[in-house]
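So the chains spell out like this:
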Amino acid sequence: TRRDYETGNNRMEMKPYDRKTLLRTMVVTGVIVLIVVPVLFYSLYKIQIRDAETLQSRAIAQQTRDMLVSPVRGAIYDRNMTALALSATVETIVISPAEIKDEAEAEFTARGLAEILDMDYETILKKTTNKKSYYEIVARKVDKEVSDAVREFKTENKLAGIKLFEDTKRYYPYSTLLSNVIGFTNYDNEGQYGLEMKYEEVLKGVVGRVITAKDRDGNAMSFYFEQYNDAQDGMSLVLTVDYGVQEILEKHLEVALAENGCDEGVLGIVMNPKTGEILAMAQKGDYDLNNPRTVNDEEILNSILAAPEDERSELMLEAMMEQWRNKAIQEPYEPGSVFKIITASAALDTGSVPMDVPMFYCMGYKEVAGNRIHCWKRTNGGHDMQTLVEAMKHSCNPAFIEVGQQTGAENFTTYFDRFGLGDLTGID
């Protein structure tokens, strides 16, 4: 400090090293302002704006436990409310590795579950190794008897690492009945074929969920926070099919297949002709709805097993796809004699032929454009002269060729279209 003799005041005089300190401070402050502050603002922007949604989701995942509640899939009934497809209650067995105390408990848990579930011990033990996980599926669609044994094993030994969650399993009471129409579901209860797939959105329902807070060890804190959204069960289908008629049709088809040995199988449809309602629809061979991925035809299965190993998977898939198809609506069909009804209707409506005048001759065959078309009655001169009524009764091919010729190609084509034979059936 020096005294200013002119003014009589004291004044500070900065030493050289003080100037250096001040300069250094200003430089550091400038660096902070120019570099650190922008970085800090960028970090705040990233946390609070850019990544806010992701970070919130991660925080919620850390602080809550979210469990899905499976809805009950809708049933499928015949017209008289006979159940053709139902959902039975089963359970999913889960291991929570994070809640298993030590390696000894993991081995004990895996050994016990392997014995009860008839599974491989090493496979289950491997699921206990991810200590950050609370949900490792061991077995799905476990029936009540087995799940009760698991529950007893868990309770007796106080094993917090074993969990059981209620689920549903699709069940078909009549096995092969109407199999090619109903179709089936996969392990996740999703429709994979037939009506089960076509009406998936109607049948499946809406999944519910239970959200609870959890502590740092992952244990549920139900009384602290809990949110429960009910599962909405799926709606059911009521078909026009009649179980009794379906059963009769299938029995007759089995007899027809056994007696005739049809390579392509046999199929049949029973319809209410006044409404178009399908009362029965079946084919043989068919398959077991409860085991759709098993080839039902033993002869085909044996031929697949006899094939080279690298070809079996593809052959098995082809065989399954073939047995799943509903041939009554998925394959072209040449109607044959049943089309004589269309021919006769066109002829009568146009007045091309009379009904009761014997004018159609059958000698057992008829030549058309160089082709010989036979009647089923080839001997004794065929059916001789017939009226239209008699030709219909006899289902006589030569007579109906003449009926068609007298009706004319133009009229015949017009009635073909009027009967809707060029249009889609609308069958779902």
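Our structure's up above, just so we're on the same page.
Residues numbered from 1 in each chain as written. Predicted model: local features only at pLDDT ≥ 70, side-chain atom pairs only at ≥ 80, totals over all residues. Heavy atoms only, no water.

**Q** Mind showing me how you'd approach the overall build of the protein chain here?
**A** Of the regular secondary structure elements, the protein chain holds 16 helices and 16 strands. Classification of the 428 residues of the protein chain by burial places 32% in the buried group. (Helix = DSSP H or I, 4+ residues; strand = E, 2+ residues; numbered from the N terminus. Buried < 20%, exposed > 50% of the residue type's maximum accessible area, 1.4 Å probe, protein only.)

**Q** Help me understand the nonpolar core, please; the structure alone is not making it clear to me.
**A** Across soluble globular proteins, nonpolar side chains show a tendency to be buried alongside one another. If you look at the biggest cluster of nonpolar residues, it comprises 25 residues, and the most contacted ones within it are Ile76, Leu84, Leu178, Ile182 and Leu239. For this core, the secondary structure elements donating two or more residues are β5 (83–95), α6 (179–182), β12 (278–284) and α11 (309–324). Discounting residues that sit within four places of it in the chain, leucine 84 has contacts with Ile76, Tyr77, Asp78, Tyr172, Pro173, Tyr174, Leu177, Leu178, Ile182, Leu239 and Tyr243. Listed in part, the 18 residues of the second largest apolar core include Ile95, Leu117, Leu125 and Ile162. (Core = buried A, V, L, I, M, F, W, Y, C linked by side-chain atoms within 4.5 Å. Contact = heavy atoms within 4.5 Å.)

**Q** How should the packing of helix α13 (residues 340–350) against helix α15 (residues 397–407) be read in this particular structure?
**A** Relative placement of two packed helices is described by the angle separating their axes and the distance separating the axes. Where α13 contacts α15, the two axes come as close as 9 Å, and the packing angle between them is 40°. If you check the angle between α13 and α15, you find them oblique. For α13 against α15, the interelement crossing comes out left-handed. For the pair α13 and α15, contact is made by Lys340, Thr343, Ala344, Ala346, Ala347 and Thr350 and by Asn397, Phe400, Val403, Gly404 and Thr407, respectively. Grouping the constituent residues of the contact of α13 with α15 by class yields 5 nonpolar, 5 polar and 1 charged. (Axes fitted to C-alpha atoms, helices over the stretch in contact; angles between N-to-C directions. Parallel < 35°, antiparallel > 145°, perpendicular 65-115°, else oblique. Left-handed = near helix turned anticlockwise from the far one by under 90°. Nonpolar A, V, L, I, M, F, W, Y, C, P; charged D, E, K, R; others polar.)

**Q** Hey, could you run me through empty space enclosed by the protein in this one?
**A** To find leftover empty space, a probe the size of one water molecule is rolled over the atoms. All told, the structure shown has 1 cavity of 30 Å³ or more when counted by the stated rule. Within this model, the largest cavity holds a volume of roughly 50 Å³. Forming the boundary of the largest cavity are Thr176, Leu178, Ser179, Asn180, Val181, Gln246, Glu250, Met281, Ala282, Gln283, Asp286 and Asn326. Listed by contribution, the elements that provide at least two residues to the lining of the largest cavity are α6, α9 (243–260) and β12. Split into classes, the residues belonging to the lining of the largest cavity amount to 4 nonpolar, 6 polar and 2 charged. (1 Å grid on protein atoms, 1.4 Å probe; cavity = no way out; pocket = protein on both sides within 12 Å on 5 of 7 lines; lining within 4 Å. Points joined across faces, edges and corners; volume = space filled by probe spheres on them.)

**Q** Even after reading the chapter, I still don't get the pattern of salt bridges, so can you show me in this structure?
**A** Pairs can form between side chains of opposite charge whenever their charged atoms are close. Considering all chains together, one arrives at 20 salt bridges under this definition. Among the ionic pairs, lysine 327 bridges to glutamate 322, the shortest N-O distance being 3.3 Å. The partly exposed category is assigned to glutamate 322, whose relative accessible area is 34%. One network of salt bridges, with partners in common, ties together Arg73, Arg170, Glu196 and Glu200. (Salt bridge = Lys/Arg side-chain N within 4 Å of Asp/Glu carboxyl O.)

**Q** I keep staring at a nonpolar patch on the surface and nothing clicks. Help me out?
**A** Nonpolar side chains collect at one region of the surface, where Leu23, Val27, Val28, Val31, Ile32, Val33, Leu34, Ile35, Val36 and Val39 lie side by side and expose about 900 Å² of accessible area between them. Tracing the chain through its elements places valine 39 in helix α1 (residues 16–50). (Patch = residues over 30% accessible without salt bridge, like charges linked within 9 Å, V, L, I, M, F, W, Y side chains within 5 Å. Areas by Shrake-Rupley, 256 points an atom, 1.4 Å probe, with all protein chains shown as cover.)

**Q** Which parts of the structure should I look at to understand the layout of surface pockets?
**A** One number sums up the size of the largest pocket: a volume of about 1,300 Å³. As for the largest pocket, its lining consists of 32 residues, of which Ile269, Met271, Ala328, Tyr333 and Thr425 are closest to the centre. Among the secondary structure elements, those contributing two or more residues to the lining of the largest pocket are β11 (266–271), β12, α12 (327–330) and α13. In terms of residue count, β11 provides more of the lining of the largest pocket than any other element does, 5 residues in total. Here the residues of the lining of the largest pocket are counted per class, giving 20 nonpolar, 7 polar and 5 charged.

**Q** I would appreciate a short explanation of unusual backbone geometry in the present structure.
**A** Across the chain, the bulk of peptide bonds are trans and the bulk of non-glycine residues have phi less than zero. In this model, lysine 284 is joined to glycine 285 through a cis peptide bond whose omega is 5°. As for its position among the elements, glycine 285 is in the loop between β12 and α10 (298–306). Even without glycine at this site, leucine 178 takes up a positive phi of about 60°. Mapped onto the secondary structure, leucine 178 falls in the loop between β7 (162–171) and α6. Unusually for a residue other than glycine, asparagine 380 sits at a positive phi of about 55°. Mapped onto the secondary structure, asparagine 380 falls in the loop between β15 (371–374) and β16 (384–386).

**Q** Help me understand a negative patch on the surface in this model?
**A** On the surface, Asp263, Glu264, Asp297, Glu298 and Glu299 cluster together into a patch of negative charge. With respect to the element layout, aspartate 297 can be found in the loop between β12 and α10. (Lys, Arg positive; Asp, Glu negative; His and termini not counted. Charge placed at Lys NZ, Arg CZ, Asp CG, Glu CD.)

**Q** Please explain the packing of helix α3 (residues 103–117) against helix α5 (residues 144–156) as it appears in this structure.
**A** Contact geometry for α3 and α5: axes closest at 10 Å, N-to-C directions at 155°. Between α3 and α5, the interaxial angle falls into the category roughly antiparallel. Seen along the crossing, α3 lies across α5 with a hand that is right-handed. On the side of α3, the interface is formed by Phe108, Thr109, Gly112, Leu113, Ile116 and Leu117, while α5 contributes Val146, Ala149, Val150 and Phe153. Its residues placed into classes, the contact of α3 with α5 shows 8 nonpolar, 2 polar and no charged.

**Q** Looking at this structure, how should I read the side chain of aspartate 78?
**A** Mapped onto the fold, aspartate 78 is located in the loop between β4 (76–77) and β5. Here aspartate 78 is buried and forms no salt bridge, its nearest opposite-charge partner arginine 79 lying at an N-O distance of 7.0 Å. A polar side-chain atom of aspartate 78 sits 2.9 Å from the main-chain amide nitrogen of asparagine 80. There is a polar contact of 2.8 Å between the side chain of aspartate 78 and the backbone nitrogen of tyrosine 243. The contacts of aspartate 78, once residues within four sequence positions are left out, are Leu84, Val238, Leu239, Val241, Asp242 and Tyr243. (Polar contact = N/O pair within 3.5 Å; in protein donor to acceptor, adjacent residues only side chain to side chain.)

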